[in-house]
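Take a look at the letters that make up each chain.
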Amino acid sequence: MDIADNIKELRSNVPDSVKIIAVSKTKPLEDIKTAYMCGIRDFGENKVQELVDKHDKLQDDIRWHLLGHLQRNKVKYIVGKVHLIHSLDSVRLLDEIEKQYSKRNLTADALIQINIGREEQKYGVLEENLPELIKAVEECSKVKIHGIMAIIPKGSEKENEIYFRQVFAIWNELKNKQYKNISMKVLSMGMTHDYKIAVKCGSNMIRIGEGIFGKRDYDI
Ligand SMILES: *Cc1c(COP(=O)(O)O)cnc(C)c1O
C-alpha cells in the first residue's frame with residue numbers, strides 16, 4: 001500500500017473528530033509532500049533538528065508537532081516553528097519554554113506528557129507530580145496547555161485498553177477543573193498498532209508513523 005492508500009484507510013477507520021498526526025520522523029520530504037497532497041496538514045517529529053530542517057523547507061501551512069523528549073537547551077530553536085509541543089514533562093522544561101517564548105513575545109502551545117506505565121525508560125510526568133506542574137503552568141504568561149499526551153507500555157490489547165482508560169480518566173478529571181492557562185481539549189494517544197483502541201477509549205488525536213509512511217529504516 002502506498003501513502004495515499006494508507007491515509008484513506010486510516011480516515012475510514014476513525015471519526016472526523018479525531019485529528020490525525022502523520023509522524024514523519026526519519027522520512028524524506030517527498031513522503032511528507034505526498035501526505036500533504038492527500039490533505040494532511042499535521043506532521044509529527046521526534047527531534048528538534050529534524051523538525052526545524054523540515055519546517056524551513058516545506059509549506060507554511062503545515063502544523064508541526066514535537067512528539068519526542070525536549071531538552072531544555074533546544075527550546076530556543078523551536079520558538080515560532082512548532083504548532084504543539086506534546087512532551088512537556090517537567091517544571092524545569094516549562095520554565096525554559098516560558099523564558100524562550102517570552103523573549104520572542106510568543107505563546108507556546110503544549111500538552112502535558114504523562115508516563116502512565118511508570119516506565120523508567122520513558123519520559124513524562126508521573127500522576128502524583130501533576131499538581132506541581134499544573135501549579136507552575138498557572139504562573140506562566142507564555143504557555144498554554146491544551147491537553148494530555150501519553151505513550152503506553154507495550155502489551156496486549158486488553159492491557160492497552162487499561163492504560164488508555166487510565167489516561168482518559170486523568171484527562172476527564174482535569175477537564176472539569178478551572179485552572180489558569182489550562183484547558184483539556186486534546187487527548188493525544190494512540191499510534192499505528194493501537195490507535196483503534198485509543199479512539200475507543202476517548203482519544204481525539206492519534207499519532208501515526210508506520211501506518212502512513214511504512215516501516216522506518218531505523219528506530220528513533
Ligand atoms: C514514532 C512515534 C509515533 C508513531 O509511531 P508509529 O508506531 O510509527 O505509528 C507516535 N508517537 C510518538 C511519541 C513517537 O515517537
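Cut-offs used in this document
Residues numbered from 1 in each chain as written. Predicted model: local features only at pLDDT ≥ 70, side-chain atom pairs only at ≥ 80, totals over all residues. Heavy atoms only, no water. Near = heavy atom within 4 Å. Polar contact = N/O pair within 3.5 Å; in protein donor to acceptor, adjacent residues only side chain to side chain. Areas by Shrake-Rupley, 256 points an atom, 1.4 Å probe, with all protein chains shown as cover. Nonpolar A, V, L, I, M, F, W, Y, C, P; charged D, E, K, R; others polar. UniProt positions renumbered as here; feature names shortened; annotations may be inferred. Helix = DSSP H or I, 4+ residues; strand = E, 2+ residues; numbered from the N terminus. Phe/Tyr/Trp six-rings, centres within 6.5 Å; stacked < 30°, edge-to-face > 60°. Lys NZ or Arg CZ within 6 Å of the ring centre and 35° of its normal. Core = buried A, V, L, I, M, F, W, Y, C linked by side-chain atoms within 4.5 Å. Buried < 20%, exposed > 50% of the residue type's maximum accessible area, 1.4 Å probe, protein only. Contact = heavy atoms within 4.5 Å.

Details of the site of the ligand
Turning to step 1, where the next piece is worked out: Close to the ligand lie Val23, Lys25, Asn46, Leu67, Ile151, Met191, Thr192, Arg207, Ile208, Gly209, Glu210 and Arg216.
Turning to step 2, where the next piece is worked out: Contacts to the ligand include Asn46, whose side-chain N or O atom sits 3.1 Å from an oxygen atom.
Turning to step 3, where the next piece is worked out: Between the ligand and Arg216, the relevant distance is 2.8 Å, taken from an oxygen atom to a side-chain nitrogen or oxygen of the residue.
Turning to step 4, where the next piece is worked out: Relative to its free-state accessible area of 390 Å², the ligand is covered by the protein chains to the extent of 92%.
Turning to step 5, where the next piece is worked out: Residue composition of the shell around the ligand, grouped by class: 5 nonpolar, 3 polar and 4 charged.

Overview of the UniProt feature "domain: Alanine racemase N-terminal" (unreviewed entry) in the protein chain
Turning to step 1, where the next piece is worked out: Per the UniProt record, "domain: Alanine racemase N-terminal" (unreviewed entry) is annotated on residues 3-216.
Turning to step 2, where the next piece is worked out: Helix makes up 40% of residues 3-216 and strand 21%. Its end C-alpha atoms lie 13 Å apart.

As for the UniProt feature "modified residue: N6-(pyridoxal phosphate)lysine" (unreviewed entry) in the protein chain
Turning to step 1, where the next piece is worked out: Here, UniProt's "modified residue: N6-(pyridoxal phosphate)lysine" (unreviewed entry) annotation points to Lys25.
Turning to step 2, where the next piece is worked out: Residue placement: Lys25 occurs in the loop between strand S1 (19-23) and helix H2 (29-37).

Here we look at the packing of aromatic side chains
Where two aromatic rings form a pair, the distance of their centres and the angle of their planes describe that pair.
Turning to step 1, where the next piece is worked out: Tallied over the full model, the rule gives 2 aromatic pairs.
Turning to step 2, where the next piece is worked out: We note Arg41 situated over the ring of Tyr36; from NZ or CZ to the ring centre the distance is 3.5 Å.

Let's talk about the nonpolar core
Turning to step 1, where the next piece is worked out: Core analysis: the largest hydrophobic core is formed by 65 residues, its most contacted members being Phe43, Leu88 and Ile97.
Turning to step 2, where the next piece is worked out: One finds Ile21, Leu84, Leu111 and Val186 within the second-largest nonpolar core, a separate group that totals 6 residues.

Structural notes on the environment of Val91
Turning to step 1, where the next piece is worked out: In this fold, Val91 is placed in helix H5 (residues 91-103).
Turning to step 2, where the next piece is worked out: Placed 90 residues apart in sequence, Val91 and Asn181 show a C-alpha to C-alpha distance of 15 Å.
Turning to step 3, where the next piece is worked out: Here Val91 is in contact with Glu132, Leu133 and Ala136, once residues within four sequence places are set aside.

Things to note about unusual backbone geometry
Turning to step 1, where the next piece is worked out: At Asn105, a residue that is not glycine, the phi angle is positive and equals roughly 55°.
Turning to step 2, where the next piece is worked out: With respect to the helices and strands, the residue Asn105 is situated in the loop between H5 and strand S5 (108-114).
Turning to step 3, where the next piece is worked out: The exposed category is assigned to Asn105, whose relative accessible area is 56%.
Turning to step 4, where the next piece is worked out: For Asn181, which is not glycine, the phi dihedral falls at a positive 70°.
Turning to step 5, where the next piece is worked out: Take Asn181: it is sitting in the loop between helix H7 (157-175) and strand S7 (182-188).

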